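Chain residues, written in single-letter form:
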Amino acid sequence: MKLRKKWWTSLILTVGVGLLVSACGSGGNQSATGGGTADKVYVVGTDAAYPPFQVLEADGKITGHDIDVLNAVAEAAGFKVEWKNTGWDPLFDGLDRGTVDIGISSITITDDRKKKYDFSEPYFEANQLILVAEDSPVNTLADLKGKKIGVQGATTGGEVVKKAFGDTYQGLKEYDDMPSAVDDFFNGRVEAVIGDNGVIQYYVKKIQDKKFKLIKDDSFEKENYGIMVKKGNTEIMNKINEGLKKIKENGKLEEIRNQYFGKE
Ligand code: ARG
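In this text the structure is predicted, and so the values were computed from the model without any measurement. (Residues numbered from 1 in each chain as written. Predicted model: local features only at pLDDT ≥ 70, side-chain atom pairs only at ≥ 80, totals over all residues. Heavy atoms only, no water.)

What follows is about empty space enclosed by the protein. In total, this model carries 2 cavities of 30 Å³ or more according to the counting rule given. Within this model, the largest cavity holds a volume of roughly 90 Å³. Surrounding the largest cavity, Asp47, Tyr50, Trp88, Ser105, Ser106, Thr108, Arg113, Gln152, Thr155, Thr156 and Asp196 form its lining. Residues belonging to the lining of the largest cavity are distributed by class as follows: 2 nonpolar, 6 polar and 3 charged. Approximately 40 Å³ is the volume found for the second largest cavity. Residue lining of the second largest cavity: Tyr50, Gln128, Gln152, Thr155, Thr156, Gly157, Met178, Ile194, Gly195 and Asp196, and that is the complete set. Going through the elements one at a time, α5 (156-165) and β12 (192-196) are the ones with two or more residues in the lining of the second largest cavity. When grouped by side-chain class, the residues that make up the lining of the second largest cavity number 3 nonpolar, 6 polar and 1 charged. (1 Å grid on protein atoms, 1.4 Å probe; cavity = no way out; pocket = protein on both sides within 12 Å on 5 of 7 lines; lining within 4 Å. Points joined across faces, edges and corners; volume = space filled by probe spheres on them. Nonpolar A, V, L, I, M, F, W, Y, C, P; charged D, E, K, R; others polar. Helix = DSSP H or I, 4+ residues; strand = E, 2+ residues; numbered from the N terminus.)

This part takes up the site of the ligand. Close contacts around the ligand come from 14 residues, with Gln54, Ser106, Arg113, Gln152 and Asp196 the closest. In the model, a nitrogen atom of the ligand is placed 2.8 Å from a nitrogen or oxygen of the aspartate 47 side chain. A distance of 2.8 Å separates an oxygen atom of the ligand from a polar atom in the side chain of arginine 113. Relative to its free-state accessible area of 340 Å², the ligand is covered by the protein chains to the extent of 100%. Here the ligand occupies the largest cavity. For the shell around the ligand, the residue count by class is 4 nonpolar, 7 polar and 3 charged. (Near = heavy atom within 4 Å. Polar contact = N/O pair within 3.5 Å; in protein donor to acceptor, adjacent residues only side chain to side chain. Areas by Shrake-Rupley, 256 points an atom, 1.4 Å probe, with all protein chains shown as cover. Sits in = over half its atoms within 2 Å of the grid points.)

Below, the discussion takes up the pairing of strand β10 (residues 149-152). Burial of the side chains of β10 extends over both faces: Ile149 and Val151 are buried on one face and Gly150 and Gln152 on the other. The pairing of β10 with strand β11 (residues 172-175) spans 4 bridges and is classified as parallel. Paired with isoleucine 149 across the bridge in β11 is leucine 172. Summarising the sheet, β10 and β12 pair through 2 bridges and their orientation is parallel. Within the sheet, the bridge partner assigned to glycine 150 lies in β12 and is valine 193. (Buried < 20%, exposed > 50% of the residue type's maximum accessible area, 1.4 Å probe, protein only. Pairing = 2+ DSSP bridges.)

Attention now moves to the layout of surface pockets. In this model, the largest pocket occupies a volume close to 690 Å³. Lining the largest pocket are 26 residues, with Thr110, Asp112, Thr155, Thr156 and Glu159 positioned closest to its centre. Taken together, the elements giving at least two residues each to the lining of the largest pocket come down to α3 (89-97), α4 (111-114), α5 and β14 (223-225). The element that contributes the greatest number of residues to the lining of the largest pocket is α5, accounting for 6 residues.

Here it is, written out as C-alpha cells:
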C-alpha cells in the first residue's frame, strides 16, 4: 500500500512537471515550435573569469565589457542570445561540437584560429603585458629567460613565451584560467604573469596593498579581439557583423568601452 502510494505520487509529479516544462519550453535554446529563424536563440559561450571583459557575479550572472558588446550587437541585428559560462578550452570544443553558436571572450584574432573558426570584424584592440613585482630586475621579456612564467593555457600570452623561449620552455606554467595564474603570482609561485593588458591592469588596480611593474615588450604585437563562430557559419556571422557595424557607427561600442576603461 505504501509502495502504491509512492508510485502514484511520482506519476502525478512527473506528469505535472512535464506539463510545466513544455509550457515554459520556449525559453530554452531551441527555436519555438513553428517559429522561423527569428525565434532562434543563439548560445553564446564565454570564459567568465577575465575581468573586466567577462565576469561571473556572485548571483551567477555573467557581466562585463564583452557581454555588453555582444548584447548590443544582438539587439542591433535583431537576434536573441542565451549566455553560457563554458570556460576557455571548452568554449572552443563547444563551437566544434555545435553546443555553442557564438564565442566572445576577449578572443584574439589569430591566423592559427582562423583555420578552424570565422571571426567578426575586430571590436577591441589589445596587447600583451608582463606583470612583475615592482622591485623585480626584469625589464624585458628576454629578462624572464630561465624564470617561471604564468599564463592562461592556449592563449596569446603563452604564444609570446613560446615564441621567445621555445615551445617546450620548462618555465612556462599554463593555467586553465587567468585568476589561477594571477593567484600563483601573488603567492610567489611564478615570477611573472603575461596576459592581455586590460585584464592585467584590472588586477593591478584592484590589489592596492602591493606595487607592481607592467612591461610592454617591443616584441608584443597589436592584437584584435573578434567574435568567433565555427568555420562556415556565415548566416550568424553576417548578422554579427551587421550588428557590430551598427554599434560602431552609432557610438554604442565606444560608449561601452568608455564605461569600462574610461576615455583615453
Ligand atoms: N586574448 C587572449 C587570447 O585570445 C586571451 C583571451 C583569454 N580570454 C578569457 N576569457 N580567458 O588568446
